[in-house]
Protein chains: 4
Amino acid sequence: MMSLNIYGQQLDSRLLIGSALYPSPQVMKQAILASGSQVVTLSLKRQNPAEQAGQQIWRYLQEIVTEVNGHLLPNTAGCKTAKETVTLAKMSREIFQTDWIKLEVIGDDYNLQPDPIELLNAAEQLINDGFKVLPYCTDDLVLCQRLYDLGCQVIMPWASPIGTGKGLMNPYNLETIRLRLPDATLILDAGIGKPSDACLAMEMGYDGVLLNSAVALADNPVLMAKAFGQALQAGEQGYVAGIMPQRQTAHPSTPTLDTPFWHQP
Amino acid sequence: MMSLNIYGQQLDSRLLIGSALYPSPQVMKQAILASGSQVVTLSLKRQNPAEQAGQQIWRYLQEIVTEVNGHLLPNTAGCKTAKETVTLAKMSREIFQTDWIKLEVIGDDYNLQPDPIELLNAAEQLINDGFKVLPYCTDDLVLCQRLYDLGCQVIMPWASPIGTGKGLMNPYNLETIRLRLPDATLILDAGIGKPSDACLAMEMGYDGVLLNSAVALADNPVLMAKAFGQALQAGEQGYVAGIMPQRQTAHPSTPTLDTPFWHQP
Amino acid sequence: MMSLNIYGQQLDSRLLIGSALYPSPQVMKQAILASGSQVVTLSLKRQNPAEQAGQQIWRYLQEIVTEVNGHLLPNTAGCKTAKETVTLAKMSREIFQTDWIKLEVIGDDYNLQPDPIELLNAAEQLINDGFKVLPYCTDDLVLCQRLYDLGCQVIMPWASPIGTGKGLMNPYNLETIRLRLPDATLILDAGIGKPSDACLAMEMGYDGVLLNSAVALADNPVLMAKAFGQALQAGEQGYVAGIMPQRQTAHPSTPTLDTPFWHQP
Amino acid sequence: MMSLNIYGQQLDSRLLIGSALYPSPQVMKQAILASGSQVVTLSLKRQNPAEQAGQQIWRYLQEIVTEVNGHLLPNTAGCKTAKETVTLAKMSREIFQTDWIKLEVIGDDYNLQPDPIELLNAAEQLINDGFKVLPYCTDDLVLCQRLYDLGCQVIMPWASPIGTGKGLMNPYNLETIRLRLPDATLILDAGIGKPSDACLAMEMGYDGVLLNSAVALADNPVLMAKAFGQALQAGEQGYVAGIMPQRQTAHPSTPTLDTPFWHQP
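Residues numbered from 1 in each chain as written. Chains lettered and ligands numbered in written order. Predicted model: local features only at pLDDT ≥ 70, side-chain atom pairs only at ≥ 80, totals over all residues. Heavy atoms only, no water.

A. Layout of the overall build of chain A. The secondary structure content of chain A amounts to nine helices and ten strands. Computed over its C-alpha atoms, the radius of gyration of chain A comes to 20 Å, within 12% of the 18 Å expected for a compact globule of 265 residues. Along the first, second and third principal axes, the C-alpha atoms of chain A reach 80 × 40 × 35 Å. Classification of the 265 residues of chain A by burial places 64% in the buried group. (Helix = DSSP H or I, 4+ residues; strand = E, 2+ residues; numbered from the N terminus. Rg over C-alpha atoms; globule rule 2.2 N^0.38 Å. Buried < 20%, exposed > 50% of the residue type's maximum accessible area, 1.4 Å probe, protein only.)

B. Region of the structure containing the pairing of strand 5 (residues 71-75) of chain B. Residues and elements named next belong to chain B. Counted residue by residue, strand 5 has five buried out of five residues, so it is predominantly covered. By the alternation rule, side chains of strand 5 split into His-71, Leu-73 and Asn-75 and Leu-72 and Pro-74, which are all buried. Here strand 4 (residues 39-43) pairs with strand 5 via five bridges, running parallel. Along strand 5, the bridge assignment pairs Ser-43 with Asn-75. (Pairing = 2+ DSSP bridges.)

C. Summary view of the interface of chain A and chain D. Taken together, the 28 residues of chain A in the interface contact 28 residues of chain D. Summing both sides of the interface, chain A and chain D together bury roughly 2400 Å²; the carbon and sulfur share of this comes to 57%. Looking only at chain A, the three residues that lose the most surface to chain D are A:Tyr110, A:Val142 and A:Tyr172, adding up to 25% of its buried area. Between the two partners, chain A and chain D, sit six salt bridges. (Contact = heavy atoms within 4.5 Å. Buried area = accessible area lost by both parts, 1.4 Å probe. Salt bridge = Lys/Arg side-chain N within 4 Å of Asp/Glu carboxyl O.)

D. Examining the side chain of B:Thr164 more closely. Tracing the backbone through its elements, the reader meets B:Thr164 in the loop between strand 8 (154-157) and helix 6 (171-180). Residue B:Thr164 is classed as buried on the basis of its relative accessible area, which comes to 0%. Looking at B:Thr164, its side chain comes within polar contact range of the main-chain oxygen of B:Pro161, at 2.7 Å. Residues contacting B:Thr164, with those up to four places away along its chain left out, are A:Met244, A:Pro245, A:Gln246, A:Arg247, A:Gln248, A:Thr249, A:Ala250, B:Gly191 and C:Tyr172. (Polar contact = N/O pair within 3.5 Å; in protein donor to acceptor, adjacent residues only side chain to side chain.)

E. How the structure looks around the side chain of A:Asp189. All names here are of chain A. For Asp-189, the location among the structural elements is in strand 9 (residues 185-189). For Asp-189, a relative accessible area of 3% translates into the label buried. Polar side-chain contacts of Asp-189 include one of 2.9 Å to the side chain of Lys-102. Residues contacting Asp-189, with those up to four places away along its chain left out, are Lys-102, Tyr-136, Met-156, Pro-157, Trp-158, Ala-159 and Leu-210.

F. Molecular detail of the packing of aromatic side chains. Residue and element names in this part refer to chain D. Tallying each qualifying case throughout the model produces four aromatic pairs over all chains. Ring plane angle 80 degrees and centroid distance 5.1 Å describe the contact between Trp-58 and Phe-96, whose orientation is recorded as edge-to-face. Here Phe-96 lies in helix 3 (residues 82-96) and Trp-58 lies in helix 2 (residues 52-67), a separation of 38 residues in the sequence. Exposure class is identical for Trp-58 and Phe-96. Each is buried. (Phe/Tyr/Trp six-rings, centres within 6.5 Å; stacked < 30°, edge-to-face > 60°.)

G. The arrangement of empty space enclosed by the protein in detail. Enumeration according to the criterion identifies three cavities of 30 Å³ or more in this entry. Taken as a whole, the largest cavity holds about 120 Å³ of empty space. As for the largest cavity, its lining consists of 17 residues, of which B:Thr138, B:Asp139, C:Asp139, C:Asp140 and C:Asn173 are closest to the centre. Counting residues per element, the lining of the largest cavity draws most heavily on helix 6 (residues 171-180) of chain C, at three residues. Residues of the lining of the largest cavity, tallied by class, amount to five nonpolar, eight polar and four charged. (1 Å grid on protein atoms, 1.4 Å probe; cavity = no way out; pocket = protein on both sides within 12 Å on 5 of 7 lines; lining within 4 Å. Points joined across faces, edges and corners; volume = space filled by probe spheres on them. Nonpolar A, V, L, I, M, F, W, Y, C, P; charged D, E, K, R; others polar.)

H. Looking closely at the interface of chain A and chain B. In this complex, chain A contributes 74 residues to the contact, which on the side of chain B involves 73 residues. Interface area for chain A against chain B, summed over the two sides, is near 6200 Å², with a carbon-plus-sulfur share of 60%. Linking chain A with chain B are zero salt bridges. Where chain A touches chain B, the interface holds 22 residue pairs in polar contact (both at pLDDT 80 or more).

I. A look at the relation of the copies chain A and chain B. Laying chain A over chain B is done by rotating through 180 degrees and shifting 0.0 Å along the axis; what remains is an RMSD of 0.0 Å. On the angle and the small slide along the axis, the relation comes out as a two-fold axis. Relative to the rotation axis, the C-alpha of A:Ser196 is the closest in chain A, positioned 2.4 Å from it. (Least-squares fit on C-alpha atoms with pLDDT ≥ 70 in both.)

J. Highlighting the pairing of strand 8 (residues 154-157) of chain A. Residue and element names in this part refer to chain A. Here strand 8 shows two buried faces, one formed by Val-154 and Met-156 and the other by Ile-155 and Pro-157. Note: strand 7 (residues 132-137) against strand 8, two bridges, orientation parallel. Pairing of Tyr-136 across the sheet is with Met-156, part of strand 8. Once the chain exits strand 7 it traverses helix 5 (residues 141-150) before rejoining the sheet at strand 8, and the crossover so formed is right-handed. (Right-handed = clockwise from strand over helix to strand, strands pointing away.)

K. Geometry of the packing of helix 3 (residues 82-96) of chain B against helix 4 (residues 116-128) of chain B. Residue and element names in this part refer to chain B. Here helix 3 crosses helix 4 at 35 degrees, and the two axes come no closer than 9 Å. Relative to helix 4, helix 3 is oriented so that their crossing is right-handed. Here helix 3 contributes Ala-82, Thr-85, Val-86 and Ala-89 to the contact with helix 4, which in turn contributes Glu-118, Asn-121, Ala-122, Gln-125 and Leu-126. A class-by-class count of the residues in the contact of helix 3 with helix 4 yields five nonpolar, three polar and one charged. (Axes fitted to C-alpha atoms, helices over the stretch in contact; angles between N-to-C directions. Left-handed = near helix turned anticlockwise from the far one by under 90°.)

L. Geometry of the relation of the copies chain A and chain D. When chain A is fitted to chain D, the best match, at an RMSD of 0.0 Å, comes from turning it 180 degrees and sliding it 0.0 Å along the axis. The share of interface residues of chain A whose copies in chain D are also at the interface is 100%, consistent with both copies meeting through the same surface.

M. Structural context of the environment of C:Asp197. All names here are of chain C. Tracing the backbone through its elements, the reader meets Asp-197 in helix 7 (residues 195-203). For Asp-197 and Asp-219, which are 22 residues apart along the polypeptide, the C-alpha to C-alpha distance reads 18 Å. Setting aside anything within four residues of it in sequence, one finds Asp-197 in contact with Gly-167, Leu-168 and Ile-192.

N. Seen up close, the environment of C:Tyr22. Residues and elements named next belong to chain C. Relative to the helices and strands, Tyr-22 resides in the loop between strand 3 (15-18) and helix 1 (25-35). What makes Tyr-22 buried here is its relative accessible area of 1%. Along the backbone, Tyr-22 and Ala-216 are 194 residues apart, and their C-alpha atoms lie at a distance of 4.6 Å. Only 3.0 Å separates the side chain of Tyr-22 from the backbone oxygen of Gly-18, close enough to count as a polar contact.

O. Geometry of the UniProt feature "binding site: 1-deoxy-D-xylulose 5-phosphate" (unreviewed entry) in chain A. The feature "binding site: 1-deoxy-D-xylulose 5-phosphate" (unreviewed entry), as annotated in UniProt, sits at A:Gly163, A:Ala190, A:Gly191, A:Asn212 and A:Ser213 in this numbering. Spatially, the listed residues are clustered: although they cover 51 residues, their C-alpha atoms lie within 9.2 Å of one another. Residue position: A:Asn212 is located in the loop between strand 10 (208-211) and helix 8 (213-216). The exposure class assigned to A:Asn212 is buried, which follows from its relative accessible area of 8%. Setting aside chain neighbours within four positions, we find A:Asn212 in contact with A:Gly18, A:Ser19, A:Ala20, A:Tyr22 and B:Ser253. With residues up to four places along the chain from it excluded, the contact list for A:Ser213 reads A:Leu21, A:Gly163, A:Ala218, B:Met244 and B:Ser253. (UniProt positions renumbered as here; feature names shortened; annotations may be inferred.)

P. Expanded view of the confidence of the model for chain A. Mean pLDDT over chain A works out to 91, with 92% of the residues at or above the 70 mark. Here residues 256-265 of chain A is a poorly scored stretch, pLDDT under 50, and it has 29 contacts once near neighbours within four places are set aside; other chains count. (pLDDT = per-residue confidence, 0-100.)

Q. Broad picture of unusual backbone geometry. Notably, A:Asn69 is not glycine yet its phi reads approximately 55 degrees, a positive angle. The residue A:Asn69 is located in the loop between helix 2 (52-67) and strand 5 (71-75) in this model. For C:Ala190, which is not glycine, the phi dihedral falls at a positive 85 degrees. Under the relative-accessibility criterion, C:Ala190 is labelled buried at 8%.

R. Structural view of the environment of C:Tyr239. Residue and element names in this part refer to chain C. In this structure, Tyr-239 sits in helix 9 (residues 221-241). When the C-alpha positions of Tyr-239 and Val-68 are compared, they lie 26 Å apart, and in sequence the two are 171 residues distant. In this structure, Tyr-239 is in contact with Met-202, Glu-203, Met-204 and Gly-205, ignoring residues within four places of it in sequence.

S. Representation of the state of the cysteines within the structure. Enumeration over the complete set of coordinates arrives at zero disulfides over all chains. B:Cys137 supplies the cysteine sulfur nearest to B:Cys144, a cysteine that is in no disulfide, at a spacing of 3.8 Å. Not part of a disulfide, C:Cys199 finds its nearest cysteine sulfur in D:Cys199, a span of 5.4 Å. Overall, C:Cys199 belongs to the buried group, its relative accessible area being 0%. (Disulfide = S-S within 2.5 Å.)

T. Here's a closer look at the pattern of salt bridges. For the structure shown, the criterion picks out 52 salt bridges over all chains. The salt bridge partner of D:Asp108 is A:Arg180, with a shortest N-O separation of 2.8 Å. One end of the pair, D:Asp108, is in the loop between strand 6 (100-103) and helix 4 (116-128); the other, A:Arg180, is in helix 6 (residues 171-180), on a second chain. On the basis of relative accessible area, A:Arg180 is assigned to the partly exposed category, the value being 32%. Between C:Arg14 and C:Glu236 there is a salt bridge whose closest N-O contact spans 2.9 Å. Here C:Arg14, found in the loop between strand 2 (9-11) and strand 3, pairs with C:Glu236, found in helix 9; they are 222 residues apart in sequence, far enough to count as distant. Using a relative accessible area of 10% as the deciding quantity, one classes C:Glu236 as buried. Through salt bridges that share partners, A:Lys90, A:Arg93 and A:Asp129 make up one connected network.

Below, the structure written as structure tokens:
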């Protein structure tokens with residue numbers, strides 16, 4: 001299949017994976033390798049750079065992405081204002097040596113959804129400062145359009161709130177975004193609970209999926225990571241192969257006696 | 001992963017595939033090979049044994065299943081009574097040299113659903129006559145239980161009406177059947193429209209999926225067949241790996257500053 | 001609106017209501033009156049005729065239906081075989097002085113669903129014995145068709161399992177039954193959780209709704225009963241008034257400047 | 001039931017109704033009267049004040065709302081920028097002699113959704129200018145929160161795109177808004193297709209529903225208007241009466257022999 005294009009970088013896998021909540025660093029590494037993913041998100045805020053443990057885990061993650069010929073994608077998880085987000089993004093660029101940034105600006109403590117206003121504000125500042133911004137946003141078409149117009153080549157609408165595993169809450173909105181932004185790289189981010197959710201996103205024509213909890217919280221994260229890798233491929237192939245339209249009435253597979261099957265409707 | 005057990009036969013693939021509606025015999029063959037399936041359904045009723053074309057296609061299908069070390073699964077598509085079904089099953093056993101039979105007894109011309117009464121009746125007669133019966137049935141738990149009690153080791157409830165591509169219409173019913181018949185081999189049959197449908201069935205703990213239109217009517221049947229093969233593997237792995245439970249409220253992937261991630265809830 | 005026809009009896013209300021699980025007999029009576037229902041189900045099996053309490057509650061229910069110019073509808077809740085069901089139906093006819101019988105034959109202890117085979121068997125026997133049978137059944141079109149062909153003028157498919165409040169699990173099946181049995185009186189029975197569920201059933205063209213738990217288990221059963229009465233009327237009127245078709249794309253309510261609104265598309 | 005509070009005005013009906021797309025002005029009037037609604041939206045932009053027809057329809061609508069002791073609610077349908085919206089709002093205030101304004105700022109021609117940024121901008125300007133703003137917005141909690149913080153006492157999230165009749169696309173989002181903004185007056189606006197949709201919104205604890213196409217485009221708008229009026233009452237009563245929780249497993253309505261029903265669980 002075609003490769004995933006993230007700001008000009010061609011990647012073999014369409015899965016982006018998080019580095020939190022795993023039972024151990026070793027399991028995390030095995031899961032990332034099993035997933036086939038080449039983009040691993042991590043948070044500067046979570047791991048304090050002044051502490052030894054933080055540096056160790058960064059070095060460990062850096063080794064992993066090097067091993068898979070991939071990329072670290074720092075995120076701004078936990079930020080609540082554009083100002084705080086921009087500051088953290090700049091620190092992340094320096095420490096992780098990449099101008100990629102997954103932009104998270106949390107707007108509510110209950111559903112942990114992005115704040116559309118602060119997000120746009122932060123995205124504009126960071127793009128002007130040379131960042132390659134991957135914004136995590138709600139499934140609001142106008143918000144996605146504005147982020148795209150600002151220069152975000154990659155847009156990452158949510159499926160449902162982080163960590164809920166609810167899957168695609170609003171397929172109509174997600175399909176509309178795909179339809180109206182045909183040239184954007186669209187990554188479904190947050191709320192994915194099971195491989196069929198990721199498969200469905202790809203069948204809609206999404207370019208990729210970003211997830212974390214669904215793998216890290218599985219009984220067997222490594223096997224689940226592999227399952228997601230396959231589910232994305234299945235969904236992408238299904239999209240390319242052309243999914244049959246739904247029909248209201250039943251149609252027999254084997255309709256008529258004595259008709260060669262390759263002439264049947 | 002574990003193999004699929006159909007009346008004692010161990011099969012590597014959990015996909016069962018139909019042989020109708022393809023653009024050509026060649027495309028059909030390529031699609032079957034790409035799917036990885038080792039069980040191919042066909043209908044005696046559709047192809048008239050008195051005609052040359054029918055015999056040719058049977059020989060062709062026989063070659064394909066031999067090539068994949070698989071099995072033909074004759075079906076009784078189009079039958080409307082137990083009597084007619086039993087007659088056709090016996091003819092199929094003789095011609096195709098197998099005691100496997102996919103039992104279809106159509107009860108309504110609009111939704112092409114199985115007739116539960118005639119189905120039970122036919123299943124009983126055929127089991128008494130030594131057949132290994134794979135009944136296509138509705139998602140009615142009591143019907144499935146009765147078929148199982150009669151001796152059907154494999155039960156094949158529908159997802160939705162044949163050829164509609166509507167996917168899993170009633171997940172609650174399907175989950176209940178899985179829960180209540182833990183020892184039956186459950187194959188989801190009919191109505192599957194896209195790879196994510198098949199993936200979802202496997203995530204529910206189903207043992208396999210049988211489909212035809214979704215592959216045969218795709219723009220690219222061969223690629224779609226491959227997609228389904230992968231989707232089933234993804235779903236099975238997801239089931240085995242343990243899918244995270246859905247949660248009502250959001251949970252951050254990266255919750256707390258300065259906490260080693262492998263100690264976070 | 002038009003009246004509900006139950007075996008030739010014209011009723012003003014399209015709601016049929018159960019008599020179990022209420023906080024007290026007094027609340028039950030008030031709820032029945034508030035609902036507007038003229039058909040009240042009750043179970044001979046639950047109340048032992050040999051006991052004083054059973055006789056008292058029957059007399060009480062008889063008084064209520066007399067007050068609303070309505071009818072008792074005995075049911076066979078708890079029966080598991082045709083034989084047991086037929087026996088109980090006959091006892092009920094004698095004691096409650098009515099040839100109406102709501103036929104329940106439970107086929108599974110988990111989902112409490114009807115057993116389609118025993119149900120057909122019992123229905124046939126009772127119709128031959130002069131009963132007016134109202135069968136509680138699953139949403140299986142062929143089963144409904146067979147019950148209708150046996151002489152059941154009223155058919156009562158389930159929305160979802162008894163007492164779950166899950167509402168309409170399989171709208172496609174329910175719509176298909178309505179489409180294919182235009183002359184049957186169709187009552188949606190079991191699984192209704194909230195007024196909008198009942199409203200939706202009526203919007204599909206169902207003739208009525210039977211419920212119990214949703215009213216009896218509400219915080220305020222009397223107010224909930226009134227709510228259901230109104231919801232049924234709203235749904236019936238909506239069905240008669242002609243519901244707009246769903247559209248995939250948005251259409252402005254106020255489309256064009258300077259066009260008189262009664263000329264706009 | 002309790003009355004609806006719109007900026008201190010107490011209204012008996014919880015339905016707000018549009019004035020476009022009716023077959024004739026006479027049908028519109030009858031539909032409004034049948035609905036029981038006391039708030040009628042209209043658009044200055046649609047009817048040109050320089051034309052006689054526009055003035056006539058306004059006078060007609062003014063007469064109707066006077067007759068029902070209600071209120072006109074001018075809207076800014078068709079506006080695409082905050083500037084244009086503010087200008088139209090000010091013209092509407094002068095012409096219709098009310099400081100109520102339904103704020104619409106369309107952000108996309110395909111789904112006709114509100115532009116969250118321009119909407120906030122316009123709302124802020126109009127509140128500062130003394131308007132009582134009723135913003136039509138998407139189901140984005142943070143957007144709703146910001147509108148509320150600006151001083152919008154009434155918030156009107158969409159159910160689905162205008163004129164689609166798709167009903168409640170994202171119940172989770174709508175429930176979250178209700179949960180997080182307990183003191184706001186929440187009106188569900190746009191996308192309502194049938195009475196059960198409106199009933200469901202009220203069961204979630206919404207304060208009201210605004211609709212237009214579902215009534216105006218019905219075969220019988222007057223009867224449909226009445227149906228919606230009843231559906232809202234049913235839903236509100238259901239909410240107040242306390243809807244039973246959904247349960248995963250079935251529970252018999254008539255569980256145990258010989259137990260008085262008012263002692264059963």
